[in-house]
Amino acid sequence: MYLPHPNQKETNFDQADLTQNAHKSSNEILAQLLAEFVPKSQTIREVFIESSALKNLPEKLLHHFGLSKVMLIADENTWSVAGLAAQRELQKAKFTVEKILFPANPRPRPTVEAARTLSDKLRSDNSIPIVVGTGVLNDLVKFAAFKAGQSYCCVPTAASMDGYASAGSVLSDQGFKITHNCAPPKLILIDLDILGTAPSEMNGWGYGDLAGKVPAGGDWIVADSLGLEIIDPIAWPLVQGNLRLCLENPEGIRKGEPEALQSLIIGLLLTGLAMEFFGSSRPASGADHQIAHLWEMEHHQFNSQPVSHGACVSIGCLSTMALYDWLLQQPLDQLAYNKSNYKTMEDKEAEIKYVFKQPEIAKRAFVETEKKHLELEQIEERIAQLKTVWPKLRNRLQSHLLPTIKLQSLLEAASAPIRAHQIGISEDHLKRTIRAARFIRSRYTILDLLDQTDLLDRALLEARLPF
């Protein structure tokens, strides 16, 4: 599949056009959608997805960069999977090839400090940075290249996350995980044969990351219904319009089937594009990601290895879905609020300091929380508004959300974790994380709705969380 960047032509997404092509396969529909939206990116010039795509790497680099000197950036695992083969193809084409190789164990940490060190190396070298790898490596190189003022190429080695095409790098800054605005790669070259050799759990992580868009969409619906953050007419259909197509073959993901992996990777790329167009991660990230980011900020490990982003999101997704299941059974249009349970900003500050022992993390959590804090009178207005919109809002949520048991079975079939203990999280740890997750982003989610209505404690007690 060849997805070039046209010279001038502006294209617009028309959902009706796609529905008229119902006879097309899922991958044809998704490829058409990707082909329409890659040209809208400010930075991405081409997404090239094929079997044996690595053979095309030299000509693509010359076309888009005009250089024949490259810097391959990989770790020991991704070097053996694709880095060495990329080096051979480039050397055959008379490219000058240098490399930066990270150890496989311990894995590099996604920190601003590490990315700045890499940026210094790139800045002093007139070559094309090519990241060969997945999440952490991609985030490090994206930030480093952006700070060095360079364009770069991405060669994913697994369909494991949604950040390949996004205009953001998720890195920890003094322990606090945040999305830093950066330019996405100029060229994304995806070899389906390489994706197929990735361990099934890695592509399962990508499936978990994509499944998280279901509750994230629910969070955006809630914010939209309350007039807090209106749903964007471009970003929403780009992520949600064909999400079920991308999730429809979890067994194929587990088996490494090329067609299933192509569908998954396109879904992840479309999500990245939506984030670029919207200007934030709202189209792809809600309470599910806030839960996951807390575990990542804790450097949570299981079996002596850091738990992947996608695995964390899988549990965050099912946790958020369990809260939605519980919420949809509540008669919020009859909600009675007890003023004596109102939490002042001082109350929240005390809780933040108790939850986050590192002063810098607590400070940033306070800033994020203060942005969305409501005084008592505002809380009463919010609840009155919620009671008014609840019947319509509940219908919107029920139409959008997949049944949790269905989503759980899909995740399990894709080799994604579905129980917290599968990633080393206890029941108590899960509940503590859910409670704390509302503090780390100013973004309004179901966690804020439950907190402001004084229903969070009850929901954590009664919801069927994925222990």
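Position labels on residues start from 1 in each chain and follow its written sequence. Local features in this predicted model are restricted to residues of pLDDT 70 or higher, and side-chain atom pairs are both shown and tallied only at a pLDDT of 80 or more, whereas totals for entire chains, interfaces and linings draw on every residue. The side-chain values count all of the structure's non-hydrogen atoms but skip hydrogen atoms and water molecules.

A.B. asks: What's the story with helix α2 (residues 26-37) in this structure? I'm lost.
C.D. replies: In an α-helix, one full turn covers 3.6 residues, which means residues spaced three or four apart are oriented alike. For α2, built from twelve residues, the straight-helix expectation of 16 Å at 1.5 Å per residue is met to within 8% by its first-to-last C-alpha distance of 17 Å. Exposure classes here rest on a 1.4 Å probe applied to the protein chains alone. A residue is buried below 20% of its type maximum, exposed above 50%, and partly exposed in between. To qualify as a helix, a DSSP run of H or I must reach at least 4 residues; to qualify as a strand, a run of E must reach at least 2; elements of each kind are numbered from the N terminus. Of all twelve residues making up α2, ten are buried, and the element is well covered by its neighbours. Listed as buried for α2 are S26, N27, I29, L30, A31, Q32, L33, L34, E36 and F37. Multiplying 1.5 Å by the helix residue count minus one yields the expected span of that helix.

A.B. asks: I would appreciate a short explanation of the layout of surface pockets in the present structure.
C.D. replies: To find leftover empty space, one rolls a probe the size of a water molecule over the atoms. The space that makes up the second largest pocket amounts to roughly 370 Å³. Listed by contribution, the elements that provide at least two residues to the lining of the second largest pocket are α14 (287-297), α16 (345-355) and α20 (427-437). The dominant element in the lining of the second largest pocket, judged by the number of residues it contributes, is α20, at five residues. Here the residues of the lining of the second largest pocket sort into seven nonpolar, three polar and five charged. Put simply, the grid is 1 Å and covers the protein atoms alone, a cavity is a trapped set of points that fit a 1.4 Å probe, a pocket is an open set with protein on both sides within 12 Å along at least five of seven lines, and lining residues have an atom within 4 Å of a point. Grid points are joined across faces, edges and corners, and a volume is the space filled by probe spheres set on the points. All residues other than Ala, Val, Leu, Ile, Met, Phe, Trp, Tyr, Cys, Pro, Asp, Glu, Lys and Arg, Gly among them, are scored as polar; the first ten of these are nonpolar and the last four charged.

A.B. asks: For this particular structure, what's the right way to read the packing of α16 against helix α17 (residues 359-372)?
C.D. replies: Think of two packed helices as two axes; the pair is described by the angle between the axes and how far apart they sit. Axis angles are defined between N-to-C directions and span 0 to 180 degrees, where every axis is a line fitted to C-alpha atoms and, for a helix, only to the segment in contact. Axis separation between α16 and α17 bottoms out at 10 Å; the angle between their running directions is 150 degrees. Relative to α17, the element α16 lies roughly antiparallel. Handedness of the α16/α17 crossing: right-handed. Note on element contacts: α17 touches α16 through A362, A365, F366, T369 and E370, opposite M345, K348, E349 and I352. Grouping the constituent residues of the contact of α16 with α17 by class yields five nonpolar, one polar and three charged. Angle categories: roughly parallel below 35 degrees, roughly antiparallel above 145, roughly perpendicular from 65 to 115, and oblique for all the rest. The sense of a crossing depends on the near helix, which, turned anticlockwise from the far helix by less than a right angle, makes the crossing left-handed and, turned clockwise, makes it right-handed. Residue contacts are counted whenever heavy atoms from the two residues lie within 4.5 Å of one another.

A.B. asks: Any chance you could explain unusual backbone geometry here in plain terms?
C.D. replies: Leaving glycine aside, a negative phi is the common case for residues, and trans is the common case for peptide bonds. In this structure, P106 follows N105 across a cis peptide bond, with omega equal to 5 degrees. Residue position: P106 is located in the loop between β4 (96-102) and α5 (112-123). Positive phi, normally seen in glycine, also occurs at H299, with a value near 55 degrees. By the element assignment, H299 lies in the loop between α14 and β10 (301-302). Owing to a relative accessible area of 37%, H299 belongs among the partly exposed residues under this scheme. Within the chain, D454 stands out as a residue other than glycine whose phi angle is a positive 60 degrees. A relative accessible area of 32% places D454 in the partly exposed class.

A.B. asks: Quick question: what am I supposed to make of the environment of G286 here?
C.D. replies: Following the sequence through the fold, G286 ends up in the loop between α13 (258-278) and α14. The sequence separation of G286 and L447 amounts to 161 residues, and the corresponding C-alpha distance is 9.5 Å. Apart from residues no more than four positions distant in its own chain, G286 is found in contact with A216, D219 and T445.

A.B. asks: Looking at this structure, I do not really get the packing of helix α9 (residues 213-225) against helix α15 (residues 309-327). What am I missing?
C.D. replies: Between α9 and α15, the shortest axis-to-axis distance is 9 Å and the interhelical angle comes to 45 degrees. Our classification of the angle between α9 and α15 gives oblique. The way α9 lies across α15 gives a crossing that is left-handed. Of the residues in α15, those in contact with V214, P215, G218, D219 and V222 of α9 are C317, T320, M321 and Y324.

A.B. asks: Could you clarify how one ought to interpret the side chain of T271 in this entry?
C.D. replies: With respect to the element layout, T271 can be found in helix α13. Contact partners of T271, with chain neighbours within four places excluded, come to D162, L210, K213, V239 and A284.

A.B. asks: How should the pattern of salt bridges be read in this particular structure?
C.D. replies: Pairs may arise between side chains of opposite charge once their charged atoms sit close together. By definition here, a salt bridge exists when the distance from a side-chain nitrogen of Lys or Arg to a carboxyl oxygen of Asp or Glu is within 4 Å. According to the stated counting rule, one finds 22 salt bridges in the structure shown. K339 serves as the salt-bridge partner of E380, at 3.1 Å between the closest nitrogen and oxygen. Here the residue E380 occupies a position in helix α18 (residues 376-400), and K339 occupies one in the loop between α15 and α16, the gap between them amounting to 41 residues. With relative accessibility at 32%, the residue E380 sits in the partly exposed group. Between R438 and D451 there is a salt bridge whose closest N-O contact spans 3.3 Å. Taken together, the positions of R438 in the loop between α20 and α21 (446-452) and D451 in helix α21 put the pair 13 residues apart, joining distant regions of the chain. One salt-bridge network, held together by shared partners, links K343, E351, R438 and D451.

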